[in-house]
Amino acid sequence: MQIKLNITPLEDWGLGLSRKEPLLISGPCSAETEEQVLETALRLNKQKIHLLRAGIWKPRTRPNSFEGIGSPALKWLKKASKETGLPVTCEVANVKHVYEALRMGVDILWLGARTTVNPFAVQEIANALVDVDIPVMVKNPVNPDLALWIGALERLNGSGITKLAAIHRGFSSHSQTRYRNIPLWEIPIEMMRRIPELPMICDPSHICGRRDLLQEVSQKAMDLNFDGIMLESHINPAKALSDAKQQVVPEKYGEIVNSLVIRKTSTDDVMVQHTLDDLRELIDEKDQEVISILVERMGIAERIGDYKRENGITILQPARWDELIRGRVEAGEKLGLSQQFMQDLYNAVHNESIRHQTKVMNKAAV
Ligand code: PEP
Ligand code: MN
């Protein structure tokens, strides 16, 4: 199901962006001192960059950590903007933040992950923006809930905000992974499918939580056709008052964005298109085979269901399931398929199998 929003494309946001270049955003996680903001901005301005970011009010998980300088830091951001000519953006989490940011002439606002989760907060911010022509970027909520993310965009659009973008910053997870916030790329991809005209920006800093993965995740975002990148930078990352592990010096940011390979989504070359079409035809055939095999597999599952019913055996035998999934994951891994993929695949196949067996198990006795 596609969702209709009234969206102004990034090229018309007045940032001097051309159609196919990614929007590049950088700046500190938090504005800490006037010198830090100015020096970061001046050094960033020597790199490829379109928009300067800085956190003014910081939503921290636990109290007693640095919660941002607050309103006084807005002046530093504006000064940095004046000295570099760069437009600036900051996070707003309530109506007071909105008024102060607007009063100081912040060019673009963004909603943080902890705000997008809260429809009351988003609606209040949206109400404060009626009749204001300002771009707003909306980070995904901390939990992997696409509807909530879309809901926030709809609330802003309902207030007449059309310069809207989404920022993918990953999702909180209970388990330890290599990422600070697991990317779950399928969620932004589904957002692109539902709202194709919505600009989608990636925030590798909050996904990775560590410097060494930034390059890889930034390139992945480009290869998934994202429209921009937001990377945190700091003149002395190790001493940063927030998110020290994921920030890079402005020059390193420059290195990352310069090394990005920007590919196109389509080609004018007839031969290239022809070869692609041929390969895609092969994929379509294979998918048809996969579907036919799955249908056959479910047919066998139903026969098993029948047999279990006649003999009073439960659908699930945990030991058999444990043996099956372990064996399939191992077999797939040996042939180059990832463990995660095999687990997801077989969990889905097994659920469908249980559904078929349940149908047979509970059919009225004839
Ligand atoms: C940030 O951008 O510094 C920030 C707080 O991000 P998020 O809302 O993604 O946690
Ligand atoms: Mn941060």
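These numbers were taken from a predicted model, which means no experiment stands behind them.

### Focus on the overall build of the chain
Then, number 1: Within the chain, the regular secondary structure consists of 13 helices and eight strands.
Then, number 2: In terms of principal-axis extent, the alpha carbons of the chain reach across some 80 × 55 × 40 Å.
Then, number 3: A burial count over the chain gives 45% of its 366 residues as buried.
Then, number 4: Taking all contacts inside the chain whose residues are at least 6 apart in sequence as the whole, residues at least 24 apart take part in 73%.
Then, number 5: Only carbon and sulfur atoms are counted for the fraction: they give 54% of the accessible area of the chain, which is about 19,300 Å².
Then, number 6: Averaged over its 46 positive side-chain charges, the chain has a centre that lies 5 Å from the centre of its 48 negative ones.

### Observations concerning the domain arrangement of the chain
Then, number 1: On domain assignment, one finds that the chain holds domain 1 (10-259) and domain 2 (270-365).
Then, number 2: Between the C-alpha centres of domain 1 and domain 2 there is a distance of 41 Å.

### Here's the deal with the sheet that holds strand β8 (residues 228-232)
Then, number 1: Taken in spatial order, the eight strands line up as β1-β2-β3-β4-β5-β6-β7-β8 and close into a barrel, and their pairing is parallel. Taken over all neighbouring pairs, the strand axes of this sheet differ in orientation by 25° on average, direction set aside.
Then, number 2: Two strands pair when backbone bridges link them, and strand β2 (residues 51-53) and strand β3 (residues 88-91) are joined in this way by two bridges, in the parallel orientation. The residue bridging L52 from the neighbouring strand is V88, located in β3.
Then, number 3: This element, helix α6 (residues 146-158), spans β4 (108-111), β5 (136-139), β6 (164-168) and β7 (200-202) of the sheet and lies at about 160° to β6.

### Examining the site of ligand 1
Then, number 1: Taken together, C29, R53, K58, E91, W110, G112, A113, R114, K139, R169, H206 and E232 are the residues near ligand 1.
Then, number 2: In the model, an oxygen atom of ligand 1 is placed 2.7 Å from a nitrogen or oxygen of the K58 side chain.
Then, number 3: Side-chain polar atom of H206 to an oxygen atom of ligand 1: 3.2 Å apart, as the coordinates give it.
Then, number 4: Computed on the free molecule, ligand 1 has an accessible area of 300 Å², of which 97% lies beneath the protein chains in the complex.
Then, number 5: Looking at the shell around ligand 1 residue by residue, the classes come out as three nonpolar, two polar and seven charged.

### Digging into the pattern of salt bridges
Then, number 1: Counted by the stated rule, this structure contains 21 salt bridges.
Then, number 2: As a salt-bridge pair, D306 and R309 come within 2.9 Å of each other at their nearest N and O atoms. Of this pair, D306 and R309 both sit in helix α11 (residues 270-310), three residues apart, which is roughly one turn of the helix.
Then, number 3: Linking E352 and R355 is a salt bridge whose minimum nitrogen-to-oxygen distance equals 2.8 Å. On the criterion of helical spacing, the pair formed by E352 and R355 is a turn pair, its members being three residues apart in helix α13 (residues 339-361).
Then, number 4: Salt bridges linked by common partners bring E39, R43 and E251 together as one network.

### Digging into the packing of helix α12 (residues 318-334) against α13
Helix-helix packing is characterised by the crossing angle of the two axes and by the distance between the axes.
Then, number 1: Where α12 contacts α13, the axes come no closer than 9 Å and their chain directions differ by 140°. On the basis of their axis angle, the class for α12 and α13 is oblique. Read as a crossing pair, α12 and α13 show a hand that is right-handed. Two secondary-structure elements touch here, α12 through W321, L324, I325, R328, V329, G332 and E333 and α13 through Q339, M342, Q343, Y346, N347 and H350.
Then, number 2: The residue inventory of the contact of α12 with α13, partitioned by class, reads six nonpolar, five polar and two charged.

### Description of the layout of surface pockets
Then, number 1: In this model, the largest pocket occupies a volume close to 490 Å³.
Then, number 2: Classifying every residue of the lining of the largest pocket gives 14 nonpolar, five polar and eight charged.

### Observations regarding α6
Residue pairs three or four apart in sequence face the same way in an α-helix, which turns once every 3.6 residues.
Then, number 1: In this model α6 runs 18 Å from its N-terminal to its C-terminal C-alpha over 13 residues, within 8% of the 18 Å that 1.5 Å per residue would give.
Then, number 2: Along α6, the residues that are buried comprise L146, W149, I150, G151, A152, L153, L156 and N157.
Then, number 3: At the C-terminal side of α6, G160 shows a positive phi close to 95°.

### Quick look at the nonpolar core
Then, number 1: Within the largest apolar cluster, 70 residues are counted, with the highest numbers of intra-cluster contacts made by L129, V136, W149, L156 and M191.
Then, number 2: Broken down by element, the residue count for this core peaks at six residues, all from α6.
Then, number 3: When residues no more than four places from it in sequence are discounted, the contact partners of V136 are L109, L111, L129, L156, I161, K163, L164 and A165.
Then, number 4: Among the nonpolar cores identified, the runner-up in size contains 14 residues, and L10, I25, A165 and I201 belong to it.

### Details of the environment of L337
Then, number 1: With respect to the element layout, L337 can be found in the loop between α12 and α13.
Then, number 2: As for L337 and N236, which are separated by 101 residues in sequence, their C-alpha atoms are 41 Å apart.
Then, number 3: The contact partners of L337, leaving out residues within four places of it in the chain, are G332 and M342.

### Focus on the coordination of the manganese ion (ligand 2)
Then, number 1: In the first shell of the manganese ion (ligand 2), the protein supplies C29 (SG), H206 (NE2), E232 (OE) and D243 (OD), at 2.1 to 2.4 Å from the metal.
Then, number 2: Spacing between the donor residues of the manganese ion (ligand 2) along their common chain follows C-x176-H-x25-E-x10-D. In this pair, C29 is assigned in the loop between β1 (23-27) and α1 (34-44) and H206 in helix α8 (residues 204-208), connecting sequence segments 177 residues apart. Grouping residues by exposure puts C29 and H206 together as buried.

Cut-offs applied
Residues numbered from 1 in each chain as written. Chains lettered and ligands numbered in written order. Predicted model: local features only at pLDDT ≥ 70, side-chain atom pairs only at ≥ 80, totals over all residues. Heavy atoms only, no water. Helix = DSSP H or I, 4+ residues; strand = E, 2+ residues; numbered from the N terminus. Buried < 20%, exposed > 50% of the residue type's maximum accessible area, 1.4 Å probe, protein only. Contact = heavy atoms within 4.5 Å. Areas by Shrake-Rupley, 256 points an atom, 1.4 Å probe, with all protein chains shown as cover. Lys, Arg positive; Asp, Glu negative; His and termini not counted. Charge placed at Lys NZ, Arg CZ, Asp CG, Glu CD. Domains from an automatic or database assignment. Pairing = 2+ DSSP bridges. Axes fitted to C-alpha atoms, helices over the stretch in contact; angles between N-to-C directions. Near = heavy atom within 4 Å. Polar contact = N/O pair within 3.5 Å; in protein donor to acceptor, adjacent residues only side chain to side chain. Nonpolar A, V, L, I, M, F, W, Y, C, P; charged D, E, K, R; others polar. Salt bridge = Lys/Arg side-chain N within 4 Å of Asp/Glu carboxyl O. Parallel < 35°, antiparallel > 145°, perpendicular 65-115°, else oblique. Left-handed = near helix turned anticlockwise from the far one by under 90°. 1 Å grid on protein atoms, 1.4 Å probe; cavity = no way out; pocket = protein on both sides within 12 Å on 5 of 7 lines; lining within 4 Å. Points joined across faces, edges and corners; volume = space filled by probe spheres on them. Expected span 1.5 Å × (residues − 1). Core = buried A, V, L, I, M, F, W, Y, C linked by side-chain atoms within 4.5 Å. Donors = N, O, S within 2.8 Å, 3.2 Å for Na, K, Ca; no water.

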